[in-house]
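Given next are the chains, with one letter for each unit.
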Amino acid sequence: MKFYGELLVFVLLFITNLRVFFVHHVRRDPLVVLAPFTFIVAILQILAWGIDVFTVLGLLIALFVLLSNFHALFRYVERLYIDHYSGLMKVWAVFTIMISAIALAGTIYFAPIEQNSRSMGVAEKITHYKGSFRTGFEEAGPFDSKTMSLYEFSPDTSKTSEEPETHAETEGLIILLTPDKRGDTENYKPYLQELASRGLTICSADFFADDGQWLHSFADKKILRRLVMVIQSRMNLKAFEAQREYYSYNVSQEYEVLIPMLRERYGADKKILLISDFMADIAADDFMKKNPDLVAGVLKLSSINMYKSAGYGCIEQTDPLLALTMGLSRDMSRATPKLLADETEEMLKQVQHDNAEEQNDNVPDQYDNGEATNDIE
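Worth saying up front: this structure is predicted, and the values here are computed from it rather than measured.

Draft legend 1. Quick peek at the packing of aromatic side chains. One pass over the structure, following the stated rule, counts 10 aromatic pairs. Each ring, one from F133 and one from F207, has its centre 5.3 Å from the other, and the planes form 25°; the classification is stacked. Linking F133 in the loop between β1 (122-132) and β2 (136-139) with F207 in strand β5 (residues 202-207), this pair joins segments that are 74 residues apart in sequence. Exposure class is identical for F133 and F207. Each is buried. A centroid spacing of 5.3 Å and a plane angle of 45° characterise the contact between F240 and Y247, whose relative ring orientation is tilted. Neither residue differs from the other here; F240 and Y247 are each classed as buried. Ring pairs connect the aromatic residues F54, Y109 and F110, which therefore count as one cluster. The ring of Y312 carries the charged tip of R182 above its face, separated from the ring centre by 4.6 Å.

Next comes the structure, spelled out in structure tokens:
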């Protein structure tokens, strides 16, 4: 959806500027209203999806186009005649058309590789919450400020009455992904879809509560946080990684909220399989040490050698421009999501094997002090 919003902005800018070459002796110039409309769409795009190269570029061009068309808007409102636009206005229009065309081409070239969940046999559910770590979280209404979003990806049963085939290894397990803040759930979506298409149910959550500070500045806002963290880590990776202990504290807060919530939803008798990606690695280990009876295991995605975009998610699919800056290319084959899904299945098999051994160890022996315990004479 983000891509189509960007596409709409640049197409509208193209039309808005192109119109000045076709206005001759008309009473009104109705297409001029596209200038403020495009500016509003660009703002809504940022509020919905956050700030990145293309949303900022769209907003800036839309702002300049709006200002340059202010006089034309005034004439339109006052129902005045427009003979023609000046040469200077036409030069400006040519310039903005060129910039818009380049931005449009860039948007298309670096478009994310999106796959419809329904077509993969995957059900995607998002539940929004309001609140904070201090006061607790509760489901948000349509007009409430949303400070947490819980995602669930599972096999889609809406088209069939049969129960979906599920992995035996997941019986009694809740699988929870804790995404790195340089990616958030959106950039792990291809991986989550891949797991759900294989019969697994997996959850992930994004927090934006006021008392869950990561950057201790305005950059903690939803529209900015990922971009700022990506820039910081790309500019000085060592300094970014040196703060792992602090990241651990924040992620631990999230676990204290999420895990009771998931156990209430799926069953208090189930164990948790924690999946982390760098920023949550230490917190996942610590939580397992403190709750050995609750956590079935920890899978650290950042420890997978072939996972080249550790900490950023599946950017070869979700953010090809960022992938390019890291020496990675746009990948239609979804190699990274499949790799991560394969490693997750291996982890599940290991968890099942460990559980089986634990159950065998707890089976009472048939002999006690060398004497048989059965009663058959």
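On we go.
Draft legend 2. Molecular detail of a nonpolar patch on the surface. Together, V56, L60, L63, F64 and L67 line one region of the surface with nonpolar side chains, adding up to about 410 Å² of accessible area. As for its position among the elements, L67 is in helix α3 (residues 53-68).

Draft legend 3. The arrangement of helix α6 (residues 189-197) in detail. In terms of burial, α6 is a largely internal element, 7 of the 9 residues being buried. For α6, the complete set of buried residues consists of P190, Y191, L192, Q193, E194, L195 and A196. Phi for G199, located one or two positions after α6, is positive at around 95°.

Draft legend 4. Fine view of the pairing of strand β3 (residues 148-155). With 8 of 8 residues buried, β3 lies mostly within the body of the structure. With 8 bridges connecting them, β1 and β3 associate as antiparallel partners. If you follow H128 over to β3, its bridge partner there is S149. Bridge count for β3 against β5 is 6 bridges, and the pairing is antiparallel. Paired with M148 across the two strands is F207, which belongs to β5.

Draft legend 5. The arrangement of helix α5 (residues 87-109) in detail. Taking 1.5 Å of rise per residue, the 23 residues of α5 would be expected to cover 33 Å, and the 33 Å separating its terminal C-alpha atoms lies within 8% of that figure. For α5, the complete set of buried residues consists of M89, A93, T96, I97, S100, A103, L104, G106 and T107. For α5, the elements touching its buried residues are α1 (2-18) and α3.

Draft legend 6. Looking closely at the pattern of salt bridges. The tally for this structure, following the rule as stated, stands at 17 salt bridges. A salt bridge links R134 to D211; the shortest N-O distance between them is 3.7 Å. Taken together, the residues span a long stretch of sequence, with R134 in the loop between β1 and β2 and D211 in the loop between β5 and α7 (222-235) at a distance of 77 residues. Its relative accessible area of 66% is what places R134 among the exposed residues. Taking relative accessible area as the criterion, D211 reaches 22% and is therefore assigned partly exposed. Note that K300 is salt-bridged to D285, the shortest N-O span being 2.5 Å. With K300 in strand β7 (residues 295-300) and D285 in helix α10 (residues 281-290), the pair connects residues that are 15 residues apart, well separated along the chain. Judged by its relative accessible area of 27%, K300 is partly exposed. The partly exposed category is assigned to D285, whose relative accessible area is 23%.

Draft legend 7. View of the confidence of the model for the protein. On average, residues of the protein score 86 in pLDDT, and 86% of them reach the 70 mark or higher. This stretch, residues 366-377, has a pLDDT under 50; its non-local contacts, to residues over four places away or in other chains, come to 6 contacts.

Draft legend 8. Representation of the sheet that holds strand β6 (residues 271-276) within the structure. Strand order in the open sheet formed by 7 strands is β2-β1-β3-β5-β4-β6-β7, and the pairing between neighbours is mixed. Across the chains shown, the open sheet's two edge strands, defined by having one partner strand only, are β2 and β7. The average undirected angle you get between the axes of adjacent strands in this sheet is 25°. As defined by bridge partners, strand β4 (residues 173-178) adjoins β6 across 6 bridges and the pair is classed as parallel. Note that in β6 the partner of L176 across the bridge is L274. Packing of helix α9 (residues 244-266) onto the sheet brings it into contact with β1, β2, β3, β4, β5 and β6, and relative to β4 it is tilted by some 150°. Each of β6 and β7 touches α10; the most contacted strand, β7, lies at about 160° to it.

Draft legend 9. Focus on the nonpolar core. With 35 residues, the main nonpolar core has M148, L150, L176, Y255 and L274 as its most contacted residues. Mapped by element, the contributors of at least two residues to this core are β3, β4, β5, α9, β6, α10 and β7. It is α9 that provides the largest number of residues to this core, a total of 8 residues. In this structure, L177, Y188, L301 and L339 belong to the second largest nonpolar core, which totals 28 residues.

Draft legend 10. Structural context of the environment of T107. Along the chain, T107 falls in helix α5. Along the chain, T107 and F10 lie 97 residues apart, while their C-alpha atoms are 8.9 Å from each other. Once residues within four sequence positions are removed from consideration, T107 is found in contact with F3, E6, L7, F10 and F54. Within the structure, the side chain of T107 is placed 2.8 Å from the backbone oxygen of A103, a separation counted as a polar contact.

Cut-off values and rules
Residues numbered from 1 in each chain as written. Predicted model: local features only at pLDDT ≥ 70, side-chain atom pairs only at ≥ 80, totals over all residues. Heavy atoms only, no water. Phe/Tyr/Trp six-rings, centres within 6.5 Å; stacked < 30°, edge-to-face > 60°. Helix = DSSP H or I, 4+ residues; strand = E, 2+ residues; numbered from the N terminus. Buried < 20%, exposed > 50% of the residue type's maximum accessible area, 1.4 Å probe, protein only. Lys NZ or Arg CZ within 6 Å of the ring centre and 35° of its normal. Patch = residues over 30% accessible without salt bridge, like charges linked within 9 Å, V, L, I, M, F, W, Y side chains within 5 Å. Areas by Shrake-Rupley, 256 points an atom, 1.4 Å probe, with all protein chains shown as cover. Salt bridge = Lys/Arg side-chain N within 4 Å of Asp/Glu carboxyl O. Pairing = 2+ DSSP bridges. Expected span 1.5 Å × (residues − 1). Contact = heavy atoms within 4.5 Å. pLDDT = per-residue confidence, 0-100. Axes fitted to C-alpha atoms, helices over the stretch in contact; angles between N-to-C directions. Core = buried A, V, L, I, M, F, W, Y, C linked by side-chain atoms within 4.5 Å. Polar contact = N/O pair within 3.5 Å; in protein donor to acceptor, adjacent residues only side chain to side chain.

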